[in-house]
Structure formats: structure tokens, C-alpha cells
Amino acid sequence: QVQLVESGGGLVQAGGSLRLSCAYSVRTFSRSAIGWFRQAPGKEREFVAAISWSGGSTYYADSVKGRFGISRDNAKNTVYLQMNSLKPEDTAVYYCAADRDRSDAHKLEYEYEYWGQGTQVTVSS
């Protein structure tokens, strides 16, 4: 049973923008914080951004602060990651993840129990 589905990845030039979407199962994640993580080739997966259930609280990695924005539309059961001023070092597979036990935004990867399949983002120089 697929519960988190990412979309919106692709190839973009440096300085460009992309918006990723994460559609989630409302039955499973009705009060869940949602996070975005990414993994570049040869590197460990790292935290990017997170949003609380209400959308009132967000949390960003320093590397994306001021360039990326996370938001959610609970009526559409979707979390978005708007990525602006993209750099080649943003190239990675991006995953959304859900923490059923917490509603607040946080970056603790080990607490996110559910993961999507990932979407590739490639930024060319």
C-alpha cells in the first residue's frame, strides 16, 4: 500500500526552480509531520525541510534556508517543496517522509517511519 508519493522532479539549469509534491494518505497521516530529505550519489541521506501538521511550523537545513520553501495543503493531502535558486549541489533524489507519532516539524530522520519512493532532481551548471 503506497502511502507517500513524490512528484515534480526533473532536470533544471542552475538558478532555476522546481516544485516537488508529496501526496500522502490522510487515513494514515492525519496528524503527521512531513519532512523532505535528499540523497546525492555517494553521500548519506540528509535532511532538507519539515513542516508540522498544521503548517504553522517549518524547519530548514542551513544549506537550503532562504531558497527552499515547504508548505502543505491538508485539503489536498499534499506537501510541497518549492525550490528556487537551484545549485548543482542540490542534485539528489528527494524523498518525503512522515512521522505518525509527531505533529511538530523536526529533522530527526530516524523518527520518520514512512518514506516515499523518491524523485530525481538534477541541476545542471
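Residues numbered from 1 in each chain as written. Predicted model: local features only at pLDDT ≥ 70, side-chain atom pairs only at ≥ 80, totals over all residues. Heavy atoms only, no water.

Let us now look at the packing of aromatic side chains. The tally for this structure, following the rule as stated, stands at 6 aromatic pairs. Relative to Phe47, the ring of Phe37 has its centre 5.6 Å away and its plane inclined at 70°; by these criteria the two rings are edge-to-face. Residue Phe37 is found in strand S4 (residues 33-39), and its partner Phe47 is found in strand S5 (residues 46-51); the two are separated by 10 residues along the sequence. The burial state of Phe37 is the same as that of Phe47; both residues are buried. Both rings, one in Tyr95 and one in Trp115, keep their centres 6.5 Å apart while their planes meet at 75°; by these two values the pair is edge-to-face. With a gap of 20 residues between them, Tyr95 in strand S9 (residues 92-99) and Trp115 in strand S10 (residues 114-115) connect regions that are remote in the sequence. Since its relative accessible area comes to 25%, Trp115 is described here as partly exposed. Every member of this aromatic cluster is reached through a ring pair, and the members are Phe37, Phe47, Tyr59, Tyr95, Tyr112 and Trp115. Over the ring of Tyr95 we find Arg45; its NZ or CZ atom is 5.6 Å from the centre of that ring. (Phe/Tyr/Trp six-rings, centres within 6.5 Å; stacked < 30°, edge-to-face > 60°. Helix = DSSP H or I, 4+ residues; strand = E, 2+ residues; numbered from the N terminus. Buried < 20%, exposed > 50% of the residue type's maximum accessible area, 1.4 Å probe, protein only. Lys NZ or Arg CZ within 6 Å of the ring centre and 35° of its normal.)

The biggest cluster of nonpolar side chains holds 35 residues, and the ones touching the most others in it are Trp36, Leu81, Met83 and Tyr94. Going through the elements one at a time, strand S3 (18-24), S4, S5, strand S7 (68-73), strand S8 (78-83), S9 and strand S11 (119-124) are the ones with two or more residues in this core. (Core = buried A, V, L, I, M, F, W, Y, C linked by side-chain atoms within 4.5 Å.)

All right, on to the state of the cysteines then. Summed over the entire model, instances satisfying the criterion amount to 1 disulfide. Paired by a disulfide, Cys22 and Cys96 hold their sulfur atoms 2.1 Å apart. For the disulfide bridge between Cys22 and Cys96, the dihedral angle about the S-S bond is near 65°, and by the sign convention the bridge is right-handed. Placement of the pair is Cys22 in strand S3 and Cys96 in strand S9, with a sequence separation of 74 residues. Residue Cys22 is classed as buried on the basis of its relative accessible area, which comes to 0%. (Disulfide = S-S within 2.5 Å.)

Looking now at the sheet that holds S7. The 4 strands are arranged S1-S3-S8-S7 in an open sheet whose pairing can be described as antiparallel. Two strands in the sheet have a free side with no partner beyond their single neighbour: strand S1 (4-7) and S7. Averaged over neighbouring strand pairs, the angle between their axes works out to 15° when direction is ignored. Two elements, S1 and S3, share 4 bridges in a ladder whose sense is antiparallel. Within S3, the position partnered with Glu6 by the bridge is Cys22. (Pairing = 2+ DSSP bridges. Axes fitted to C-alpha atoms, helices over the stretch in contact; angles between N-to-C directions.)

Position of Arg72 among the secondary structure elements: in strand S7. For Arg72, which is buried and forms no salt bridge, the nearest opposite charge comes from Asp73, at a distance of 8.4 Å. Of the polar contacts made by the side chain of Arg72, one reaches the backbone oxygen of Trp53; its length is 3.5 Å. At 2.9 Å, the side chain of Arg72 and the side chain of Asn74 are in polar contact. (Lys, Arg positive; Asp, Glu negative; His and termini not counted. Salt bridge = Lys/Arg side-chain N within 4 Å of Asp/Glu carboxyl O. Polar contact = N/O pair within 3.5 Å; in protein donor to acceptor, adjacent residues only side chain to side chain.)

A separate point is the pairing of S7. What you see with S7 is a clean split: Phe68, Ile70 and Arg72 sit on the buried side and Gly69, Ser71 and Asp73 on the side with no burial. Both S7 and S8 contribute to a ladder of 6 bridges, which runs antiparallel. Each residue of the ladder has a partner; that of Ile70, found in S8, is Leu81. Where S7 hands over to S8, the hairpin turn is made up of 4 residues, of which Asn77 adopts a positive phi near 55°.

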